[in-house]
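Now for the letters of each chain:
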Amino acid sequence: MLTVAAIDSAGAKASFSSYGATMVDLGAPGVGVYSTLPGNSYGSYSGTSMATPHVSGAVALCASMNPSMTAFEVRSAILGSTAPTASRSEEHTSELQS
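All values reported here derive from a predicted model rather than from experimental measurement.

### Overview of the environment of Pro53
Inspection of the secondary structure puts Pro53 in helix α1 (residues 48-65). Take Pro53: its relative accessible area is 48%, and that puts it in the partly exposed class.

Structure (structure tokens):
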């Protein structure tokens, strides 16, 4: 399992998103995401429901390219390829100080 927070284009956590060093594994774009809509149209939406598909796609790509990997190995590969953002670092620090 991977838990996903929504972040904006600057890497800041979205105000509506879950957070915390022990509650969320990584952040993904979830603010102002351009997406497909019913009726053959497009629109910009925000939410963790926009962030999670980014991570799901990365998991699917990793697993398809490495079919012998276990779920734990795929999870480790995804988490090992993330880049820290200021918002996650601040949360981690505040979690440790609490």
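So much for the structure itself; the text now carries on.
### Concerning the pairing of strand β3 (residues 33-37)
Pairing between β3 and strand β4 (residues 41-45): 5 bridges, direction antiparallel. Pairing of Thr36 across the sheet is with Tyr42, part of β4. The turn linking β3 back onto β4 is made up of 3 residues, and Gly39 within it adopts a positive phi angle of 85°.

### Considering unusual backbone geometry
Backbone geometry places Asn40, a non-glycine residue, at a positive phi of 60°. Structurally, the position occupied by Asn40 is in the loop between β3 and β4.

### Some words on the confidence of the model for the protein
Put simply, the protein has an average pLDDT of 85, and 86% of its residues get 70 or more. At the level of individual helices and strands, the protein shows its lowest average pLDDT in helix α3 (residues 86-97), which scores 46, and its highest in β4, which scores 96. Contacts for the low-pLDDT stretch residues 92-98, under 50 throughout, to residues beyond four places or in other chains number 4 contacts.

Reading guide: rules and limits
Residues numbered from 1 in each chain as written. Predicted model: local features only at pLDDT ≥ 70, side-chain atom pairs only at ≥ 80, totals over all residues. Heavy atoms only, no water. Helix = DSSP H or I, 4+ residues; strand = E, 2+ residues; numbered from the N terminus. Buried < 20%, exposed > 50% of the residue type's maximum accessible area, 1.4 Å probe, protein only. Pairing = 2+ DSSP bridges. pLDDT = per-residue confidence, 0-100. Contact = heavy atoms within 4.5 Å.

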